[in-house]
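# Analysis of the macromolecular model
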Amino acid sequence: MAIYEILHFPDPRLRQKAKPVQVVDAEIQQLVADMFETMYAAKGIGLAAVQINVPLQVIVMHLNKEGEENRPICFINPEIIHREGTMPWEEGCLSVPGFYENVQRAERIRVRALDREGNPFELNADGLLGVCIQHEMDHLNGKLFVDHLSFLKRSRIQSKLQKQARLGQLPKLDAQKQAS
Ligand code: GNR
Ligand code: NI
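Thresholds applied
Residues numbered from 1 in each chain as written. Chains lettered and ligands numbered in written order. Predicted model: local features only at pLDDT ≥ 70, side-chain atom pairs only at ≥ 80, totals over all residues. Heavy atoms only, no water. Near = heavy atom within 4 Å. Polar contact = N/O pair within 3.5 Å; in protein donor to acceptor, adjacent residues only side chain to side chain. Areas by Shrake-Rupley, 256 points an atom, 1.4 Å probe, with all protein chains shown as cover. 1 Å grid on protein atoms, 1.4 Å probe; cavity = no way out; pocket = protein on both sides within 12 Å on 5 of 7 lines; lining within 4 Å. Sits in = over half its atoms within 2 Å of the grid points. Helix = DSSP H or I, 4+ residues; strand = E, 2+ residues; numbered from the N terminus. Nonpolar A, V, L, I, M, F, W, Y, C, P; charged D, E, K, R; others polar. Contact = heavy atoms within 4.5 Å. Expected span 1.5 Å × (residues − 1). Phe/Tyr/Trp six-rings, centres within 6.5 Å; stacked < 30°, edge-to-face > 60°. Buried < 20%, exposed > 50% of the residue type's maximum accessible area, 1.4 Å probe, protein only. Donors = N, O, S within 2.8 Å, 3.2 Å for Na, K, Ca; no water. Pairing = 2+ DSSP bridges.

### Some points on the site of ligand 1
- Around ligand 1 lies a shell formed by Gly44, Ile45, Gly46, Gln51, Glu90, Glu91, Gly92, Cys93, Leu94, His135, Glu136 and His139.
- At a separation of 2.8 Å, an oxygen atom of ligand 1 approaches a polar side-chain atom of glutamine 51.
- Between ligand 1 and histidine 139, the relevant distance is 2.8 Å, taken from an oxygen atom to a side-chain nitrogen or oxygen of the residue.
- Starting from 380 Å² of accessible surface for ligand 1 in isolation, the protein chains cover 89%.
- For ligand 1, the cavity whose grid points lie within 2 Å of the majority of its atoms is the largest pocket.
- Per-element tally for the shell around ligand 1: the top contributor is helix H2 (residues 127–140), with three residues.
- Looking at the shell around ligand 1 residue by residue, the class counts come to three nonpolar, six polar and three charged.

### Here's the deal with the side chain of glutamine 51
- Topologically, glutamine 51 is positioned in the loop between strand S1 (46–48) and strand S2 (58–61).
- A polar side-chain atom of glutamine 51 sits 3.0 Å from a polar atom in the side chain of serine 95.
- Side-chain polar atoms of glutamine 51 contact the side chain of histidine 139, separated by 3.5 Å.
- Contact partners of glutamine 51, with chain neighbours within four places excluded, come to Glu5, Ile6, Leu7, Leu14, Cys93, Leu94, Ser95, Glu136 and His139.

### What to know about helix H1 (residues 26–42)
- Over its 17 residues, H1 extends 24 Å from the first C-alpha to the last, a length consistent with the 24 Å expected when each residue adds 1.5 Å.
- Of the surrounding elements, those touching the buried residues of H1 are S1, S2 and strand S3 (73–91).
- Positive phi appears at lysine 43, one or two residues downstream of H1, with a value of about 60°.

### What about the packing of aromatic side chains?
- What the rule picks out here adds up to two aromatic pairs.
- For the ring pair phenylalanine 75 and phenylalanine 121, a centre distance of 5.8 Å and an interplane angle of 40° mean the geometry is tilted. Here phenylalanine 75, found in strand S3, pairs with phenylalanine 121, found in strand S5 (residues 120–126); they are 46 residues apart in sequence, far enough to count as distant.
- Looking at phenylalanine 121, the relative accessible area reads 21%, which means it is partly exposed.

### Some remarks on the coordination of the nickel ion (ligand 2)
- At the metal site, the nickel ion (ligand 2) is ligated by Cys93 (SG), His135 (NE2) and His139 (NE2), and these contacts range over 2.1 to 2.3 Å.
- As a motif over one chain, the donors of the nickel ion (ligand 2) read C-x41-H-x3-H. On the criterion of helical spacing, the pair formed by histidine 135 and histidine 139 is a turn pair, its members being four residues apart in helix H2.

### Focus on the environment of aspartate 25
- By the element assignment, aspartate 25 lies in the segment before H1.
- For aspartate 25, a relative accessible area of 34% puts it in the partly exposed group.
- Sequence-wise, aspartate 25 and arginine 116 are 91 residues apart; in three dimensions their C-alpha atoms are separated by 9.2 Å.

### Some points on the environment of methionine 35
- When you line up the elements, methionine 35 lands in helix H1.
- For methionine 35, a relative accessible area of 0% translates into the label buried.
- Setting aside chain neighbours within four positions, we find methionine 35 in contact with Leu47, Ala48, Ala49, Ile52, Val58, Ile59 and Val60.

### Things to note about the pairing of S2
- Residue alternation in S2 divides its side chains into two sets, Val58 and Val60 and Ile59 and Met61, and both sets are buried.
- With three bridges connecting them, S1 and S2 associate as antiparallel partners. Note that in S2 the partner of leucine 47 across the bridge is valine 60.
- Bridge count for S2 against S3 is four bridges, and the pairing is antiparallel. Across the sheet, valine 60 pairs through a bridge with cysteine 74, a residue of S3.

Here you go:
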């Protein structure tokens, strides 16, 4: 098991388009296990492989919700085969930490994917589950929820995160200076 570093916007590696998984073998099952571990450690409800710099069509999800939807789900090579309606939902993202904005999404979707054993399944989803699947599938296409916002909002979020990243790197630079 391993916990991976999650890339932050505007890292260009978040723009990679994920390729389909050819065979769900032991290596992919290890990736899925590591993605669950990384997602739980980060306290997210979903994670796409692109967020840990693995450009494959793999998603893990575990909604912290009561009932039927409260179980870990893995989607490999997911396709949305039906969508209807539109609705706004307030979204956040582990790759855009600290920012929450409304995004327009389909109200109901039907998804086809492979599970972590490589078996095909289909699922109807609405509410948070439906939103989360659409959010993760965007990641597999190199897209982030901030791409659904206005240029101005996205630019503001980008500058704030770039500033935070610079400040975050200062202690490391200091350590290097002192060492040399
Ligand atoms: O943890 C997450 N919460 C969330 C809340 C509303 C809509 C989408 C999400 S997904 C996000 C985890 C994440 O960034 N997955 O890519
Ligand atoms: Ni995200």
